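# Examining the three-dimensional arrangement
Read off the chains here:
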Amino acid sequence: MTSGMMFGVMAFYFANESVLKKLRTNAMALVFSARDAVLSTEEGKALKQALTRATSDETVHSKILGVGNTGMQTSAELRQLISCHGRKAVCVGKNYREHITEMAQLGPEWKLEEELDPIIFLKPMTAVAWPGEPVVLPPAGKSGTGPHQGGEHGVQHEVELAVIIGSRVPRGSLQRRGGSGEPGECTDDEAMSRVAGYCLALDVTDRDAQTQAKVKGMPWELAKGRDSFLPLSEPFVLPEKSDWRTLRMWLRVNGEPTPRQSCECGAMIHSIPNLLRFISSHMTLEPGDLLLTGTPSGVGRIVEGDHVFAGIEGRSVSMDIKVVQEN
């Protein structure tokens, strides 16, 4: 190959690098879609069960059944893990005491009592909005239904710490010590070993639609699951021996000098290890799944034209989200 041809090939590559990256991502998604299709058959299910019984080796599980916590440490790799493999965002309600108090002021539908078990709901992964993507509010007059259709509370922000699941957590697996099958819950360290990293997240909520759902005894997904209602920061990992409980989240809207929300994560009622144990006692967690750990007090309304800024004190983790409205 002549030097001119080599130069041409290199020029083509660099000019089309973004296209090539997209092709690689799409190819990976296709491979794992094919894997999921095979594993959904009766033969695939039998293979999956046999592998699960035969070994507790996470490396084998991660290679055959899904991506695992196998040293993916960079932000880009964690983002790919979420985008290509995450199946659900498991969310926790009423996990900060001051938030429970503020929500009880909205009306009789909102109870002041603290629940013994975590309150769990789901957001679809189609709600994820990565940095640079806006929050899209529902069209004017479409927030809530029935007696709340004028937008009494509107769409509100809820800043949260999101946990990225790094390796598959089969249902019930964290209820056995050391993976040995002995009865009794695993240790906090064993539970946290399933965590690949973290994101800062917004659990954007149509509060009027949620309140109306509570009145009817219905689930909240339509109030929380709209496209763009789960903005995420770039993923991050904590240095060795760092404690997630010392992370202090904050959120501001526009140029407000004082944060609307500011709280240390250690104030959670149900800790991350306890949430992992509780949730995995009911459902399997997959690599790339998200666990949203609840929001502190200070939730508030956002409207078209707002800019929402959020971050973690002392760390290069931030969010800058534009709020637009669907026509």
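Our subject in this report is the structure included herewith. (Residues numbered from 1 in each chain as written. Predicted model: local features only at pLDDT ≥ 70, side-chain atom pairs only at ≥ 80, totals over all residues. Heavy atoms only, no water.)

### Here we look at the sheet that holds strand S10 (residues 205-206)
Spatially, the 3 strands line up as an open sheet ordered S10-S5-S15, and their pairing is antiparallel. With partners counted over all chains shown, the strands left at the sheet margins are S10 and strand S15 (300-301), one partner each. Summarising the sheet, strand S5 (residues 155-157) and S10 pair through 2 bridges and their orientation is antiparallel. Across the sheet, residue Val 155 finds its bridge partner in S10, namely Asp 206. (Pairing = 2+ DSSP bridges. Helix = DSSP H or I, 4+ residues; strand = E, 2+ residues; numbered from the N terminus.)

### Brief notes about the pattern of salt bridges
Should the charged atoms of two oppositely charged side chains come close, the side chains can pair. This structure, assessed with the given rule, holds 12 salt bridges. Glu 158 is paired through a salt bridge with Arg 207; the nearest N and O atoms lie 2.6 Å apart. Here Glu 158, found in the loop between S5 and strand S6 (159-165), pairs with Arg 207, found in helix H8 (residues 207-216); they are 49 residues apart in sequence, far enough to count as distant. Across the pair, exposure class does not vary: Glu 158 and Arg 207 are buried alike. Residues Asp 243 and Arg 245 are paired through a salt bridge, measuring 2.9 Å at the closest nitrogen-oxygen approach. Put simply, Lys 123, Glu 158, Asp 203, Arg 207 and Lys 224 are held in one network by salt bridges that share partners. (Salt bridge = Lys/Arg side-chain N within 4 Å of Asp/Glu carboxyl O. Buried < 20%, exposed > 50% of the residue type's maximum accessible area, 1.4 Å probe, protein only.)

### Here we look at the nonpolar core
Core analysis: the largest hydrophobic core is formed by 45 residues, its most contacted members being Leu 161, Tyr 198, Ile 272 and Leu 276. Judged by nonpolar contacts, the second largest core, of 21 residues, contains Ala 127, Trp 220, Leu 230 and Leu 232. (Core = buried A, V, L, I, M, F, W, Y, C linked by side-chain atoms within 4.5 Å.)

### Comments concerning the sheet that holds strand S16 (residues 307-312)
Strand order in this open sheet of 5 strands is S4-S17-S16-S12-S13, and the pairing throughout is mixed. In the strand order of this sheet, the two ends are held by strand S4 (135-137) and strand S13 (261-264), each with one partner. Here the strands of the sheet are splayed against their neighbours by 15 degrees on average, with no regard to which way each runs. Direction of pairing for strand S12 (residues 248-253) relative to S16: antiparallel, over a ladder of 5 bridges. Each residue of the ladder has a partner; that of Arg 252, found in S16, is Phe 309. (Axes fitted to C-alpha atoms, helices over the stretch in contact; angles between N-to-C directions.)

### Some remarks on the side chain of Gln 156
Inspection of the secondary structure assignment puts Gln 156 in strand S5. For Gln 156, a relative accessible area of 8% translates into the label buried. Only 3.4 Å separates the side chain of Gln 156 from the backbone oxygen of His 153, close enough to count as a polar contact. Here Arg 207 takes part through its side chain, which lies 2.8 Å from a polar atom of the side chain of Gln 156. Aside from chain neighbours lying at most four places away, what touches Gln 156 is Asp 203, Val 204, Thr 205, Arg 207, Val 299, Gly 300, Arg 301 and Ile 302. (Polar contact = N/O pair within 3.5 Å; in protein donor to acceptor, adjacent residues only side chain to side chain. Contact = heavy atoms within 4.5 Å.)

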